[in-house]
Amino acid sequence: MWESVADFVVQGIVLGGLYALIAVGISLIFGVLDVINVAHGEFFAVGGYLVFASVVLMHLGPALGIAAATAGTFVLGLAVYPLLLAPLRRRLGRRPSGSLYLVLTLGLSTFMQNGLLALAGGEYLQIPPHVRGILDLPFTSVSYQRLLVLAIAAVLLGGLFAFLKLHRYGLAVRAVAQDPDAAQSVGIVLGRVFGLTLALGVALAGASGALMAPLFNVYPAVGFPLTVKAFAITIVGGMGNLVGALIAALVLGVVESLAVMVIPSQWQNAIAFAAMIGVLLVRPQGLLGRAVAR
Amino acid sequence: MSRTRRPLALGAAAVMLAAALPFIVPHPFVLTIATQALIWALLAASWDLLSGYTGQISFGHAGFFLVGAYAAAAVTKHAGVSPWAGLVVGTLAAGLVGLAVGFPALRLRGHYLALVTLGFAEIIRLTAQNWMSLTGGPFGIYDYRTFPGLPVEPLAHRRAAYWVVLAIVAASIAVMVKTCEHTPAAKAFRAIREDEVLAATLGIHTTAYKLLAFGLSAGFAGLAGTLYAYYIVLVSPTVGAVGTTSLAIGMAVFGGLGTIWGPVVGALLFYGLNEALRFVGVVYNLIAVGLILMVFVIFVPRGLAGAAASRPRRRRSAARAGGERALGSTGN
């Protein structure tokens, strides 16, 4: 009994780490650009395909594969703001954007998903583990692949938080999140910060896609359910609140994993949405959210 | 012709022309496409009623569609209910689910509402997938009766089914246009879209009207689902995937928001185009959906309806501006 609990907790933390990479990216983009990126999971899928291309097709080795996936999605992400969001922003001027960006990124999601389907086909691609072997702990065992996921997730998230706290550009990103107009008036170029933030956010998704590829299969729609779940997580944690998203993601991962012991596994996926609806009814700003929403 | 009669006459002419289609092109494939296009038109119009008119953006219409389809298929298969009564059951079931979703969603606006409706639709889809005894799980419900009394011979059957769907869709669209243009709800919906707080200050019962819009919209989406259930005679959870919602939104944006007829025309054209492109490959259809969503949101936010109305005509200009604000005013 306790061994399986420990098993589920470890699996849950890994799952939570994955959720955190995606949810923190979504929350970061929302906090800075005030845009909910419906196409976020598609960058997860692109990351998976990039790692497949470099590891399986080009035999480059997993480290290069993960780096290629992260860099590739970062570059793709850099293109999204100037090509899609900026034109709409210019056209709207000072008018409220409402849900236009939601519909816009929904279009991007449909476009990317089916673009991947056209380019790579619909097969479920399998990728060998980046690292092999299993670590034996006193009362459970973990595959090195899962540990690697967790370690890289921690490094990436730690790096992001350090960048936001310490680096000049990170400071600019936080300034824009707080007040875009004031940030602009002290000489921060909004467009550049928006583009950079978006690229950083989706690169996190691309990296997690590359990390999870051996555990999931890679197929065009692999990311979308994760996007939807990450929305639930960001709402529970408070929109735009990165620490909230991180904590909510880890808790959800463990709860989902443990829930299998109590409820049928096919209902696992409903937990996040139930939590989201509950939080929205009781505390719409999220468990850790600020009372005043932007 | 007076100004109020004109849309009526245009609509009647369009319906008569549509009713004559089986005589103009008596081909079962064309009739199947046309029937499904009509079902999509109803779904897109139902989305427009809620999201285009009141500005409450729903990302969950696939869920309402699914509730209608499953309710109809289940009562006909398990309880032997006549499909004609099944239409009513499915519509009411979806309408009630819509009210149930709308009620907690009353406090939410913009982004949050869209995400909550998306979450609800996912829960509905998961329920459909997991409630084996009622829904048949991932394989869905099949092998039940379709509309009774239709001819057996294939072409005649298709033709009759097409007319049934056309009659129901046309009547539903007439009801929606009537509700959104010529009742007290019409002004209330627009007022809520433009400024909810101001609307409430002016004495408009915003809660009641938002619930009304939610219930009506979900009900009509469910009706589209029941028509789908009885026409295809197979309902499976994949029908309620998020792709269905984005296709419906794509059609509505393409056609022009806040007009009802715009999304209808958008859906018919879009579905027709989709099928015409099928020989190029199914994948490319959805790539096109994505492209149209992006291009139209950025450059043509008023859709085809806006383009049609952009010739100088004083009466239309107000509606035109409204259409653009349909999506634009729901910021939190």
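Residue positions are counted from 1 within each chain, in the order its sequence is given. Written order decides the labels, with chains lettered from A and ligands numbered from 1. Given that this is a predicted model, residues contribute local features only at a pLDDT of at least 70 and side-chain atom pairs are listed and counted only at 80 or more, while totals for whole chains, interfaces and linings are drawn from all residues.

### Side note on the overall build of chain A
A run of DSSP states H or I qualifies as a helix once it reaches four residues; a run of E qualifies as a strand once it reaches two. Both are numbered from the N-terminal end. Assigned secondary structure in chain A consists of 11 helices and two strands. Along its sequence from the N terminus, chain A presents helices and strands in the succession α-α-α-α-β-β-α-α-α-α-α-α-α. For the radius of gyration, the atoms used are the C-alpha atoms, and the globule rule reads 2.2 Å times the number of residues raised to 0.38. Expected size for 294 residues packed as a compact globule is a radius of gyration near 19 Å; at 19 Å, chain A falls within 12% of this value. Seen through its C-alpha atoms, chain A measures out along the principal axes to roughly 55 × 50 × 35 Å. With 294 residues in all, chain A has 52% of them scored as buried. The exposure scheme places C-beta atoms from the backbone and then counts, for each residue, the other C-beta atoms within 10 Å of its own, assigning buried at 20 or more, exposed at 12 or fewer, and partly exposed in between.

### Considering the overall build of chain B
Along chain B, the regular secondary structure elements total 16 helices and two strands. By residue count, 53% of the 332 residues in chain B fall in the buried class.

### Details of the nonpolar core
Note on definitions: a nonpolar core is a set of buried residues drawn from Ala, Val, Leu, Ile, Met, Phe, Trp, Tyr and Cys, linked by C-beta atoms within 7 Å. Core analysis: the largest hydrophobic core is formed by 203 residues, its most contacted members being A:I233, B:A41 and B:A44. Any pair of residues counts as being in contact when their C-beta atoms, constructed from backbone geometry, are within 7 Å of one another. Ignoring anything within four residues of it in the chain, the contact list for A:I233 reads A:Y19, A:A23, A:A245, A:A248, A:A249, A:L252 and A:A272.

### Topic: unusual backbone geometry
Although it is not a glycine, A:D34 adopts a positive phi angle of roughly 60°. By the element assignment, A:D34 lies in the loop between helix 1 (2–33) and helix 2 (40–57). The backbone phi angle of B:V233 is positive, close to 55°, even though this residue is not glycine. Examined against the element boundaries, B:V233 turns out to sit in the loop between helix 11 (206–232) and strand 2 (234–235).

### Quick word on the interface of chain A and chain B
The interface of chain A with chain B comprises 39 residues on the first partner and 37 residues on the second. Where the side of chain A that touches chain B is concerned, the elements lending two or more residues are helix 3 (62–92), helix 4 (100–120), helix 9 (224–237) and helix 11 (270–282) of chain A. Put simply, Ala, Val, Leu, Ile, Met, Phe, Trp, Tyr, Cys and Pro go in the nonpolar bin, Asp, Glu, Lys and Arg in the charged bin, and everything else, Gly too, in the polar bin. A class-by-class count of the residues in the side of chain A that touches chain B yields 28 nonpolar, nine polar and two charged.

### Regarding the confidence of the model for chain B
Residues and elements named next belong to chain B. In the predicted model, chain B carries a mean pLDDT of 84, and the fraction of residues at 70 or more is 90%. Helix 4 (residues 61–79) holds the highest mean pLDDT among the elements of chain B, 94, whereas helix 16 (residues 314–328) holds the lowest, 48. Contacts from residues 328–332, a stretch scored under 50 in pLDDT, to residues over four places away or in other chains number 25 contacts. We note a pTM of 0.85 for the whole complex and an ipTM of 0.83 for its interfaces. Note on scores: pLDDT gives the predictor's confidence for each residue, bounded by 0 and 100.

### Some details on the packing of helix 8 (residues 154–182) of chain B against helix 9 (residues 184–194) of chain B
All names here are of chain B. Axis definition: a line fitted to C-alpha atoms, over the contacting stretch in the case of helices. Angles run 0 to 180 degrees between N-to-C directions. It is the contact of helix 8 with helix 9, at a shortest axis distance of 4 Å, that shows an interaxial angle of 70°. Considering their axes alone, helix 8 and helix 9 lie roughly perpendicular with respect to each other. Together, T179, C180, E181 and H182 of helix 8 and A185, A186 and F189 of helix 9 make up the contact between the two elements. Here the residues of the contact of helix 8 with helix 9 sort into four nonpolar, two polar and one charged. Oblique is the label for any angle not under 35 degrees, not over 145, and not in the 65 to 115 range, which are roughly parallel, roughly antiparallel and roughly perpendicular in turn.

### Points about helix 8 (residues 190–212) of chain A
Residue pairs three or four apart in sequence face the same way in an α-helix, which turns once every 3.6 residues. Spanning 23 residues, helix 8 of chain A covers 33 Å between terminal C-alpha atoms, matching the ideal 33 Å at 1.5 Å per step. Among the 23 residues in helix 8 of chain A, 20 count as buried, and that is most of the element. Given a helix with a known number of residues, its expected span is that number minus one, times 1.5 Å.

### Some points on helix 10 (residues 242–259) of chain A
Taking 1.5 Å per residue as the helical rise, helix 10 of chain A with its 18 residues ought to reach 26 Å, and the 25 Å between its terminal C-alpha atoms agrees with that figure. Buried within helix 10 of chain A are the following residues: A:L242, A:G244, A:A245, A:L246, A:A248, A:A249, A:L252, A:G253, A:E256 and A:S257.

### Topic: the packing of helix 3 (residues 28–53) of chain B against helix 11 of chain B
Residues and elements named next belong to chain B. At their nearest, the axes of helix 3 and helix 11 sit 8 Å apart, and the two run at 170° to each other. The orientation of helix 3 with respect to helix 11, classified from their angle, is roughly antiparallel. Between helix 3, through T35, I39, L42, L43, S46, W47, L49, L50 and Y53, and helix 11, the contact on the second element is made entirely by A213, F214, L216, S217, F220, A221, L223, A224, L227, Y228 and Y231. Broken down by class, the residue content of the contact of helix 3 with helix 11 amounts to 17 nonpolar, three polar and no charged.

### Some details on the environment of A:A232
Mapped onto the fold, A:A232 is located in helix 9. A residue is classified by how many C-beta atoms lie within 10 Å of it, and A:A232, with 28 of them, is buried. Sequence separation between A:A232 and A:V218 is 14 residues; the distance between their C-alpha atoms is 23 Å. The residues contacting A:A232, other than those within four sequence positions of it, are A:A272, A:F273, A:A275, A:M276 and B:G119.

### Overview of the environment of A:N269
Residues and elements named next belong to chain A. One can find N269 in the loop between helix 10 and helix 11. Judged by C-beta crowding, with 19 C-beta atoms within 10 Å, N269 ranks as partly exposed. For N269 and K229, which are 40 residues apart along the polypeptide, the C-alpha to C-alpha distance reads 8.1 Å.

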